[in-house]
Amino acid sequence: MTGAGLRDLDLRDDTLGNAMTSLDSRLAAYIAHRIPDAEDIVVRDLERIFGGASRETYRFWLDYRQGAESVSRPLILRRDPPGSLIETDRATEFGTYRAFFGTAVPVPEPLWLEEEASWLDHPFFVMEQLLGMEAGPTQVVAPPYDQYAEQMAQQKWTILGEIHRADPSALGLDSVMEAVTPDACWRRELTHWERTINEDELCPQPVIRAAIRWLRRNPPPPPERVGVVHGDYRTGNFLVDPEGVIRAILDWEMAHLGDPLEDLAWSLNPVWRWAGDERAGGLAPREEAIEIWEKASGLRAESDALRWWEVFSSVKGQAIWISGGKEFTDGKNQDMILALSAWLMGNSQDRAALYTLGHFT
Amino acid sequence: MRPDPSRFLGVAAGHLMTKTAGALPPGYEQSSVSVIGLMLTQLGEEFERAAARRIEENRELRRIFADAVDIVADDDLRAKLAEAARGEDLNFTVSALEQSNCALRTLLIELHVHVEDLDSEAARSLEAEIWHELVASTERRKLGIGPF
């Protein structure tokens, strides 16, 4: 066990931040600040989790005493990195966890949001860790989980429908997410991700530039209703228990208000076919996924509109891979996942764009 | 005889992904080493074709530009296309080939934008040729372990 307690630290000392050198002891000090009546606070077994490309993600155990009660909790720390695949507002992500916690959309319990960088060098938040779960996209479509593919598919797109059925105002999300009118949804998203490509591309992108022009020439109709868009809803961003039950939806860092079809299209993108066949997300045939979502959301996936968002999803995907590749090249963040994504996903994303545009079979 | 780089990278990748990663405790470092191994397999694949695919693509792009000279309606673009079509790769280092490839692909985007707005049978035919090249260029870059 590795651990850091507060026994050697003077929490009243203003220079505490400078004196602490290890993340676990600094985290323990922060938690002492958040739970002032807790004693014997220990952060132990702090370990970084691979793959959190937008934020550094760590798992750890928190032990403390509160009155006569001894508490031991597995938690997650999500800390902003110097550079990432995507630049996002952790307040929005945290607010979304808070809004959905305890609803039909399963999420871990969010605990503390800290925007002050002095505690851990960068802003961060802490939330509940669910133990014994699998999230790896290739793992959840392989044995032993593959026997639950139909069940996971049913749950995956039903939960997505629940997200889109939710009223953002009732959840308080209109205070943390920028408002958008129905007819502005597509333009705002396309403009944002095109700008990312403009700023970060290291080499010309003729396929994606052509896709962007097609999108601007063929705008989709406004959505039936503006809803909460998860922004990265795909196999790999949910936790599955050993019985194939989805216990939590993760990675809300790109959540925003918009057209629900954006999420459905993203979930159908061919680059997430982790099982190596044509099933969406490695779980279900495309038409079946759409049907589940339509039933759960009460919305209709009109084919031309869905196609627009599917082409868009490849533009957004490519923007993310380009952005990560630039961060790696510039040396701002040399997490290996950024290099791998730029190499491996970039070509697949171009292929997906060509496929959706009808130029590639 | 010495192992060629692609062979070496493949063996090194296998070593990292099995022996080295396997010797590490599960966690961030183990995953990082596995990903480095995956990257090496891709680099091995890319090493073999790095110059060839750029030479082939640059030649295709110059051919398209030569075809386009008589179709485009803009004098400046026509002059750029004619000049690019006359170009030739003389430096076969991958970085030099990549530099000319980027310049040619930038011009391809400009040509594609222009052709989309032209209303003629020749323009549609050229546009189809451009799309064909975009598919071919994506195939040239395809990696064996890509998800799609």
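Details of the packing of helix α4 (residues 149–165) of chain A against helix α8 (residues 286–297) of chain A
Helix-helix packing is characterised by the crossing angle of the two axes and by the distance between the axes. Residues and elements named next belong to chain A. At a minimum axis separation of 7 Å, α4 and α8 run at an interaxial angle of 40°. The orientation of α4 with respect to α8, classified from their angle, is oblique. Remark: the crossing between α4 and α8 carries right-handed chirality. Together, A153, Q154, W157, T158, L160, G161, H164 and R165 of α4 and A289, I292, W293, K295, A296 and S297 of α8 make up the contact between the two elements. Across the contact of α4 with α8, the residue classes tally to seven nonpolar, five polar and two charged.

Digging into the interface of chain A and chain B
In this complex, chain A contributes 35 residues to the contact, which on the side of chain B involves 33 residues. Summed over both partners, the interface of chain A with chain B comes to about 3,100 Å²; 71% of that surface belongs to carbon and sulfur atoms. Taken together, chain A and chain B are joined by three salt bridges. Note that B:E116 and A:R213 form a salt bridge whose closest N and O atoms lie 2.7 Å from each other.

What about the packing of aromatic side chains?
Within a pair of aromatic rings, the relevant descriptors are the distance that separates the centres and the angle that separates the planes. Residues and elements named next belong to chain A. Per the counting criterion, the structure on display carries 14 aromatic pairs over all chains. Here Y97 and F125 contribute two aromatic rings whose centre-to-centre distance is 6.0 Å and whose plane-to-plane angle is 55°, an arrangement assigned as tilted. With Y97 in helix α3 (residues 90–100) and F125 in strand β6 (residues 124–128), the pair connects residues that are 28 residues apart, well separated along the chain. You can call F125 buried: its relative accessible area is 0%. Ring pairs connect the aromatic residues W186, W308, W309 and F312, which therefore count as one cluster. Over the aromatic face of W266 sits the side chain of K316, whose NZ or CZ is 5.0 Å from the ring centroid.

Some remarks on the domain arrangement of chain A
All names here are of chain A. The domains assigned to chain A are domain 1 (3–128) and domain 2 (145–357). When each unit is reduced to the centre of its C-alpha atoms, the spacing between domain 1 and domain 2 is 28 Å. On the domain 2 side, the residues contacting the 27 residues of domain 1 number 30 residues. Both sides together, the interface formed by domain 1 and domain 2 hides about 2,300 Å², and carbon and sulfur atoms give 68% of it. Remark: the boundary between domain 1 and domain 2 carries three salt bridges.

A few points about the layout of surface pockets
In this model, the second largest pocket occupies a volume close to 770 Å³. A:C203, A:Q205, A:A342, A:W343 and B:R53 are the residues nearest the centre of the second largest pocket, which is lined by 27 residues in total. Elements represented by at least two residues in the lining of the second largest pocket include exactly α9 (303–330) and α10 (336–357) of chain A together with α2 (28–68) and α4 (94–116) of chain B. Taken together, the residues that form the lining of the second largest pocket break down as twelve nonpolar, seven polar and eight charged.

Thresholds applied
Residues numbered from 1 in each chain as written. Chains lettered and ligands numbered in written order. Predicted model: local features only at pLDDT ≥ 70, side-chain atom pairs only at ≥ 80, totals over all residues. Heavy atoms only, no water. Axes fitted to C-alpha atoms, helices over the stretch in contact; angles between N-to-C directions. Helix = DSSP H or I, 4+ residues; strand = E, 2+ residues; numbered from the N terminus. Parallel < 35°, antiparallel > 145°, perpendicular 65-115°, else oblique. Left-handed = near helix turned anticlockwise from the far one by under 90°. Contact = heavy atoms within 4.5 Å. Nonpolar A, V, L, I, M, F, W, Y, C, P; charged D, E, K, R; others polar. Buried area = accessible area lost by both parts, 1.4 Å probe. Salt bridge = Lys/Arg side-chain N within 4 Å of Asp/Glu carboxyl O. Phe/Tyr/Trp six-rings, centres within 6.5 Å; stacked < 30°, edge-to-face > 60°. Buried < 20%, exposed > 50% of the residue type's maximum accessible area, 1.4 Å probe, protein only. Lys NZ or Arg CZ within 6 Å of the ring centre and 35° of its normal. Domains from an automatic or database assignment. 1 Å grid on protein atoms, 1.4 Å probe; cavity = no way out; pocket = protein on both sides within 12 Å on 5 of 7 lines; lining within 4 Å. Points joined across faces, edges and corners; volume = space filled by probe spheres on them.

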